[in-house]
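Listed below are the residues making up each chain.
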Amino acid sequence: MSGIRILLVDDHPVVRAGLRAMLSDFEGITVAAEAADGAAALAQLARLRTLGEPVDVVLMDLQMGAGMDGVTATQKIKAGEAGIPAPPVLILTTYDSDADILAAVEAGASGYMLKDAPPEHIRQAVLSAAAGGTALAPEVAARLMGRIRNPEPALSAREIQLLQLLATGLPNRAIARQLFISEATVKTHLVHIYGKLGVDNRTAAISVATQRRIIRPV
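To keep things clear, this report deals only with the structure shown in the data block. (Residues numbered from 1 in each chain as written. Predicted model: local features only at pLDDT ≥ 70, side-chain atom pairs only at ≥ 80, totals over all residues. Heavy atoms only, no water.)

**Some points on the pattern of salt bridges**
The criterion, for reference: Salt bridges, as used here, are contacts in which a Lys or Arg side-chain nitrogen is within 4 Å of a carboxyl oxygen on Asp or Glu. Only DSSP runs of H or I with at least four residues qualify as helices, and only runs of E with at least two residues qualify as strands; both kinds are numbered from the N terminus onward. Partly exposed residues are those whose accessible area sits between 20% and 50% of the maximum for their type, while under 20% is buried and over 50% is exposed, using a 1.4 Å probe and protein chains only.
Considering all chains together, one arrives at 12 salt bridges under this definition. With a closest N to O distance of 2.9 Å, Arg16 and Glu34 form a salt bridge. In this pair, Arg16 sits in helix 1 (residues 13-24) while Glu34 sits in strand 2 (residues 29-35), placing the two residues 18 residues apart along the sequence. By relative accessible area, Glu34 is classed as partly exposed at 24%. A salt bridge links Lys196 to Glu159; the nearest nitrogen and oxygen atoms lie 2.9 Å apart. Here Glu159 lies in helix 7 (residues 157-167) and Lys196 lies in helix 9 (residues 183-197), a separation of 37 residues in the sequence.

**Considerations on the packing of aromatic side chains**
We count it as follows: Here a Phe, Tyr or Trp ring, Trp counted by its six-membered ring, pairs with any other such ring whose centre lies within 6.5 Å, and the pair is stacked when the planes are under 30 degrees apart, edge-to-face when over 60, and tilted otherwise. Note on geometry: a ring has a charge over it if NZ (lysine) or CZ (arginine) is within 6 Å of the ring centre and within 35 degrees of the ring normal.
Using the criterion set out here, one finds 0 aromatic pairs in the structure. Across from the ring centre of Tyr95, 4.5 Å away, lies the NZ or CZ of Arg216, which sits over that ring.

**Notes on the packing of helix 7 against helix 8 (residues 172-179)**
Using the following cut-off: Axis lines are fitted to C-alpha atoms, over the contacting stretch for helices. Their N-to-C directions set the angle, which ranges from 0 to 180 degrees. Roughly parallel refers to an angle under 35 degrees, roughly antiparallel to one over 145, roughly perpendicular to one between 65 and 115, and oblique to any angle outside these ranges. Crossing chirality is assigned from the near helix's rotation relative to the far helix, an anticlockwise turn below a right angle marking it left-handed and a clockwise turn marking it right-handed. Should any heavy atoms of two residues lie within 4.5 Å, those residues are considered in contact. For this classification, Asp, Glu, Lys and Arg are treated as charged, while Ala, Val, Leu, Ile, Met, Phe, Trp, Tyr, Cys and Pro are nonpolar and the rest, including Gly, are polar.
Interaxial distance between helix 7 and helix 8 falls to 10 Å at its minimum, and their mutual angle equals 130°. Classified by the angle their axes make, helix 7 and helix 8 are oblique. Relative to helix 8, helix 7 is oriented so that their crossing is right-handed. Contacts between helix 7 and helix 8 involve Arg158, Gln161, Leu162, Leu165 and Leu166 from the first element and Ile175, Gln178 and Leu179 from the second. In the contact of helix 7 with helix 8, the residues fall into 5 nonpolar, 2 polar and 1 charged.

**Brief notes about the sheet that holds strand 3 (residues 57-60)**
Inclusion rule: Two strands are said to pair when DSSP picks up at least two bridges between them.
The strand order 2-1-3-4-5-6 describes an open sheet built from 6 strands, whose pairing is parallel. Where the open sheet ends on each side, the last strands, each with one partner, are strand 2 and strand 6 (135-136). Lying over the sheet, helix 3 (residues 70-78) contacts strand 3 and strand 4 (89-93), oriented at roughly 165° with respect to strand 3.

**Some details on helix 10 (residues 202-211)**
Filter applied, for reference: Two N or O atoms count as a polar contact when they lie within 3.5 Å, although within protein this holds only if one can serve as hydrogen donor and the other as acceptor, and sequence-adjacent residues are included solely when both atoms are side-chain atoms.
Buried within helix 10 are the following residues: Ala205, Ile206, Val208 and Ala209. Buried positions along helix 10 lie against helix 7 and helix 9. Taking the backbone nitrogen of Thr203 as reference, a side-chain oxygen 3.1 Å away marks Asn201 as the first, capping residue of helix 10. One or two residues past the end of helix 10 sits Arg213, with phi positive at roughly 60°.

Right, dumping it as structure tokens:
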């Protein structure tokens, strides 16, 4: 496949410059525009569409400082909030926790790659995403397969989401507000989380989940 146009989304200018340089070495792949966060990415997608220069793949970081994060941006892009047909979104990040992977997949990402991947792997991931396929870093695929094959009860996506919020120090009431559920439901989720992790308090749950890379260190 040739003539693939990419929107590069990352909050670090130096990282964007490095990625642009790497991608420029790939025949048939062009960085059409850059954005420093999710909101800027949506604006760029709409602008390029207006110019008749649509993007074929969005290469999206996950965490972007105070700006709109990659998961939220992916959700909005796939929901058509940029006012255009949704291009595939390929996550390119340093994070490989279950919380990040599941959130990105549920948001509609077509692939999930790590920034330390060999350039050829990233090129193949871009080609796959542009062709409508799925691209997962080997480490990410292994974690997803591990969830399927592990005979022990795995944390659900909602439980992982709740646990990641818990790790930031939020009390139950604040977590309930963020997830649009009741405090009683939060407590029920915590009971299930403790049971699955073999712990009896939130501090231990956060520690075990971080060690197992279920959630990202905060």
